[in-house]
Amino acid sequence: MIFLKNALLRQMLRHRCHCHGFKFLFALVNLFLLGLIALLFSSLSFATTYSVSDSGELKAGLAQSSAGDLILLRAGVYSGQFEIHQGITLTGERGAVIDAMGQGSAVTIFASDVTVNHLEIQNWGADLYERNSGILVQDHAHRVRIESNRLTGSGFGVCAENSADIIVSDNIISGDPERFKLDRGDGIYLKRVESPLIRGNKIFHVRDGVYIEAGKHSLISDNHFSEQQYGIHYMYSKHDEAYGNEAVGVDGGYALMSSENIKLYRNRVRGAREFGVLLNMTHNSIVSGNRVFEGHNPQGKAALGNEAKGIFVYGALDNEIKHNLFSTSDIGIYMAMGGEGNLVYGNQFVNNRTQVKYVGEQLLEWSHNKRGNFWSSQLGWDSNKDGITDKPYRPNDNLDKLFWLYPEAGFLMNSPVVALLRWVHSQFEFTSPAGIVDSFPLSSADMELRL
């Protein structure tokens with residue numbers, strides 16, 4: 001490289017002696033372009049492609065590779081644990097399988113700018129304390145790309161800590177369905193990782209699909225989660241965004257815990273056993289345009305408060321819950337323990353067994369700028385056709401609270417006496433010191449949920 005620079009300099013000086021004005025400038029530009037092209041070709045010439053066919057060749061290729069190299073695994077099984085110490089690409093033909101033989105992590109990445117794609121990785125260890133993973137990204141390995149792989153094992157699928165700009169996309173990650181759910185690893189586990197992108201993955205039979213702890217600026221989109229604890233689980237995280245994800249047959253869809261400034265929008269949850277969305281000690285977040293339906297806990301009991309909830313707000317403040325659909329679940333929305341300081345408007349609560357369960361001592365207004373929510377349980381008129389029913393709506397009353405306290409009296413809920421009491425209550429508009437009131441309830445459901 002030094003020789004190239006000196007040769008160019010000598011030519012420039014030679015042209016300096018014979019050229020003047022524009023001729024000299026033109027020559028100078030040409031020499032500069034020639035030097036730039038030479039530099040590009042000289043740097044590219046160092047990249048090497050290694051084609052390997054067995055475990056020994058793979059380890060040798062990893063040991064002697066340099067940044068920018070590519071290692072291609074031919075079809076076959078590569079047994080053992082493998083380490084990447086340079087910014088290389090590790091890829092495979094169809095049928096290339098890395099099998100960790102039930103121990104440790106299958107692939108461990110120590111370097112930045114690594115890409116792992118088109119591989120099948122299986123049978124790594126189950127020790128979560130040791131972070132056994134299909135792909136383990138060590139501290140300060142940045143800009144790692146993990147794409148279009150299939151990972152099957154008991155520990156973590158992808159695990160990374162103290163890094164940034166990781167991309168995990170279009171992978172299939174599955175855990176061990178025979179293990180107790182909380183003994184499995186997470187599909188994708190990220191701790192203190194900044195600006196990760198997690199997109200288009202299918203994740204099932206794990207603990208949590210995506211677990212984010214103490215991270216910032218994550219983007220999670222268009223993933224599918226099933227048969228696990230939670231689809232997405234945020235802990236102590238900030239400034240995150242999740243959209244276009246779907247969770248089916250999970251304990252909980254999206255858990256936002258001790259976090260802030262999360263945008264959760266246009267996601268779906270079907271058949272959750274505990275909740276669709278959880279806001280637990282989470283602040284300044286927006287839950288918008290999500291669809292949660294068919295939540296049911298077969299063992300749920302009103303006295304225990306463990307019925308399936310469309311959204312569960314627990315000790316969370318200063319959040320916006322707007323334009324969501326909460327439908328056909330045990331409870332539409334459950335709010336408790338200091339969850340009063342939130343905006344709730346523009347939502348649809350449709351055919352939930354209990355629309356609202358509020359455990360608190362305040363009277364809460366659930367509308368904003370004279371727009372409330374749609375309640376399928378409300379029977380009201382909109383005489384001026386402005387989209388707002390003529391009277392405020394109380395989605396639960398003192399009779400509801402009575403049934404919560406004494407669930408054994410639930411068989412009376414649909415009796416003529418209770419119906420008469422509810423009618424009297426609505427006609428005389430008794431003021432209650434606590435509960436939920438929607439002063440501007442919507443008269444019809446907006447089938448296209450707005451953001």
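None of these values were measured; they are calculated from a predicted model.

Peer 1: Would you mind going over the environment of Ala 60 with me for this structure?
Peer 2: Along the chain, Ala 60 falls in helix 3 (residues 55–64). Put simply, Ala 60 and Tyr 50 are 10 residues apart on the chain and 9.8 Å apart in space, counted from C-alpha to C-alpha.

Peer 1: How should I be thinking about the confidence of the model for the chain in this particular structure?
Peer 2: Close inspection of predicted coordinates is inappropriate in any region flagged by low pLDDT. Averaged over the chain, the pLDDT score is 87; the fraction of residues at 70 or greater is 80%. In this model residues 447–451 is a low-confidence stretch, pLDDT under 50, and it forms 18 contacts with partners more than four residues away in sequence or in other chains.

Peer 1: When you look at the nonpolar core in this model, what are you seeing that I'm missing?
Peer 2: Soluble globular proteins: nonpolar side chains tend toward being buried together. Of all hydrophobic cores here, the largest spans 75 residues; its most connected members are Leu 73 and Ile 109. Considering every element that reaches this core, the biggest residue donor is strand 16 (residues 188–194), with three residues. In contact with Ile 109, other than residues within four places in its own chain, are Ile 84, Val 114, Val 116, Ile 135, Leu 136, Val 137, Gln 138, Ala 141 and Val 144. One finds Tyr 230, Ala 255, Tyr 334 and Ala 336 within the second-largest nonpolar core, a separate group that totals 15 residues.

Peer 1: How should the packing of aromatic side chains be read in this particular structure?
Peer 2: A ring pair, where both rings are aromatic, is described by two values, the distance of the centres and the angle of the planes. Under the criterion given, the structure shown has nine aromatic pairs. A ring pair is formed by Phe 156 and Tyr 189, whose centres lie 4.9 Å apart and whose planes are at 45°; its orientation type is tilted. Within this pair, whereas Phe 156 is found in strand 13 (residues 156–164), its partner Tyr 189 is found in strand 16, the two being separated by 33 residues in sequence. One exposure class covers both Phe 156 and Tyr 189, and it is buried. Measuring from centroid to centroid gives 5.9 Å for Phe 312 and Tyr 314, while their planes differ by 65°, and the two rings are edge-to-face. With a relative accessible area of 18%, Phe 312 lands in the buried category. Clustering of aromatic rings is evident, with ring pairs tying together Phe 326, Phe 349, Trp 375 and Tyr 393. A cation over a ring is seen here: Lys 59 above Phe 82, with NZ or CZ 5.5 Å from the ring centre. Just above the ring of Phe 312 sits the side chain of Lys 309; from NZ or CZ to the centre is 5.1 Å.

Conventions adopted
- Residues numbered from 1 in each chain as written.
- Predicted model: local features only at pLDDT ≥ 70, side-chain atom pairs only at ≥ 80, totals over all residues.
- Heavy atoms only, no water.
- Helix = DSSP H or I, 4+ residues; strand = E, 2+ residues; numbered from the N terminus.
- pLDDT = per-residue confidence, 0-100.
- Contact = heavy atoms within 4.5 Å.
- Core = buried A, V, L, I, M, F, W, Y, C linked by side-chain atoms within 4.5 Å.
- Buried < 20%, exposed > 50% of the residue type's maximum accessible area, 1.4 Å probe, protein only.
- Phe/Tyr/Trp six-rings, centres within 6.5 Å; stacked < 30°, edge-to-face > 60°.
- Lys NZ or Arg CZ within 6 Å of the ring centre and 35° of its normal.

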